[in-house]
Amino acid sequence: MIPYAFTTTSHIVVTFTLALSFFFAINFIGFSLHGFALFSLFLPPGAPLIMSPLLVFIEVVSYSFRVVSLSLRLFANMMSGHCLLKILAGFS
């Protein structure tokens, strides 16, 4: 750590951009390697066909919310580290 240095990942916009870029890269690589078979990820094997619209919807929502989850987790970890250092520095 460098004193008086600024961590760019302590902003939610930066972490969201990083997570979104990884999301697009993973989807691009997955689509280029597997083609349309990548979409079979959204329907678990052995699922009843009557439940397939609901299952596909749930899987697509959870897959797309990974971006939000990753960005919030990185932001929270960086911010908690900064808060802890500020509290500990205040004791001295």
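Scroll up a little and you will see the structure.
Residues numbered from 1 in each chain as written. Predicted model: local features only at pLDDT ≥ 70, side-chain atom pairs only at ≥ 80, totals over all residues. Heavy atoms only, no water.

Applying the stated criterion across every chain yields a total of 7 aromatic pairs. Measuring from centroid to centroid gives 5.5 Å for Phe23 and Tyr63, while their planes differ by 50°, and the two rings are tilted. With Phe23 in helix H1 (residues 12-34) and Tyr63 in helix H2 (residues 52-64), this residue pair connects regions lying 40 residues apart in the sequence. Here the aromatic cluster, defined as three or more aromatic residues joined through ring pairs, consists of Phe23, Phe24, Phe31, Phe36, Phe39, Phe42 and Tyr63. (Phe/Tyr/Trp six-rings, centres within 6.5 Å; stacked < 30°, edge-to-face > 60°. Helix = DSSP H or I, 4+ residues; strand = E, 2+ residues; numbered from the N terminus.)

Another point: the environment of Gly30. With respect to the secondary-structure elements, Gly30 resides in helix H1. Excluding its chain neighbours within four sequence positions, the residues that come into contact with Gly30 are Gly35 and Leu38. (Contact = heavy atoms within 4.5 Å.)

Moving on, we get to H1. For H1, which comprises 23 residues, the first-to-last C-alpha distance of 32 Å matches the rise-based estimate of 33 Å (1.5 Å per residue) to within 8%. If you follow the buried residues of H1, they end up packed against H2 and helix H3 (66-91). Directly after H1, the chain includes Gly35, whose backbone phi takes a positive value near 70°. (Expected span 1.5 Å × (residues − 1).)

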